[in-house]
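As a plain string of letters, each chain reads:
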Amino acid sequence: MGERQKVDYRQVLDEATFQRFSRMRELRKQLALEEAVPPFAIFSDAELAALAKVEPLTIAAMLGVKGVGEKKVEKYGARFTETLAKDEKS
């Protein structure tokens, strides 16, 4: 098996997108702790990076991201969209 290349998202995302990505990772970590699951079970880093690029982040837009299905959006979509909306207002 080949080793997966680790992506440095600080280099592939612009500063504003990276800030959103970082905020999403914090939220993902909180959710993972609440549910006692590994963070990648909620969203992978690649999915979070794609979500961070979507503005505005809506439930419908989340469904357009590769790897993000209805179950994940149903379970986590509202928390992500509400958290980011709050962050952008402050």
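Keep in mind that this is a model prediction, so the values were computed, not measured. (Residues numbered from 1 in each chain as written. Predicted model: local features only at pLDDT ≥ 70, side-chain atom pairs only at ≥ 80, totals over all residues. Heavy atoms only, no water.)

**Section: the pattern of salt bridges**
According to the stated counting rule, one finds eight salt bridges in the structure shown. Of the charged contacts in the structure, one is a salt bridge between Asp 45 and Arg 25, with a shortest N-O distance of 3.8 Å. Of this pair, Asp 45 sits in helix H3 (residues 45-52) while Arg 25 sits in helix H2 (residues 15-35), placing them 20 residues apart in sequence. By relative accessible area, which is 37% here, Arg 25 ends up partly exposed. A salt bridge links Glu 35 to Lys 75; its shortest N-O distance comes to 3.5 Å. (Salt bridge = Lys/Arg side-chain N within 4 Å of Asp/Glu carboxyl O. Helix = DSSP H or I, 4+ residues; strand = E, 2+ residues; numbered from the N terminus. Buried < 20%, exposed > 50% of the residue type's maximum accessible area, 1.4 Å probe, protein only.)

**Digging into the packing of aromatic side chains**
All chains considered together, the criterion is met by four aromatic pairs. Centroid distance Tyr 9 to Phe 21: 4.8 Å. Interplanar angle 40°. Geometry classified as tilted. Note that Tyr 9 is positioned in helix H1 (residues 9-12) and Phe 21 in helix H2, a separation of twelve residues in sequence. A single burial state applies to Tyr 9 and to Phe 21, both of which are buried. Summarising the aromatic geometry, the rings of Phe 43 and Tyr 76 are spaced 6.0 Å apart at their centres and angled 65° between planes, so their arrangement reads as edge-to-face. (Phe/Tyr/Trp six-rings, centres within 6.5 Å; stacked < 30°, edge-to-face > 60°.)

**Details of the packing of H2 against helix H5 (residues 70-89)**
Between H2 and H5, whose axes approach to 11 Å, the crossing angle comes to 140°. When the axes of H2 and H5 are compared, the pair comes out oblique. Our pair here, H2 against H5, has a crossing hand that is right-handed. Contact residues: H2 offers Arg 20, Arg 23, Met 24, Leu 27, Arg 28, Gln 30, Leu 31, Glu 34 and Glu 35, while H5 offers Lys 75, Tyr 76, Arg 79, Phe 80, Thr 83, Leu 84, Asp 87 and Glu 88. (Axes fitted to C-alpha atoms, helices over the stretch in contact; angles between N-to-C directions. Parallel < 35°, antiparallel > 145°, perpendicular 65-115°, else oblique. Left-handed = near helix turned anticlockwise from the far one by under 90°. Contact = heavy atoms within 4.5 Å.)

**Describing H2**
Helix length check: H2, at 21 residues, gives a terminal C-alpha distance of 30 Å against a target of 30 Å (1.5 Å per residue), a fit within 8%. Here H2 has its buried residues at Thr 17, Phe 18, Arg 20, Phe 21, Met 24, Leu 27, Arg 28, Leu 31 and Ala 32. On its buried face, H2 is in contact with H1, H3 and H5. Downstream of H2 by one or two residues, Ala 36 has phi in the positive range, about 55°. (Expected span 1.5 Å × (residues − 1).)

**With respect to the packing of H2 against H3**
Viewed as axis vectors pointing N to C, H2 and H3 meet at an angle of 130°, and their least axial separation amounts to 9 Å. Taken together, the axis directions place H2 and H3 in an arrangement best described as oblique. Considering the relative orientation of H2 and H3, their crossing is right-handed. For the pair H2 and H3, the contacting residues are Thr 17, Arg 20, Phe 21, Met 24, Arg 25 and Arg 28 in the first and Asp 45, Leu 48, Ala 49, Leu 51 and Ala 52 in the second. Its residues assigned to classes, the contact of H2 with H3 shows six nonpolar, one polar and four charged. (Nonpolar A, V, L, I, M, F, W, Y, C, P; charged D, E, K, R; others polar.)

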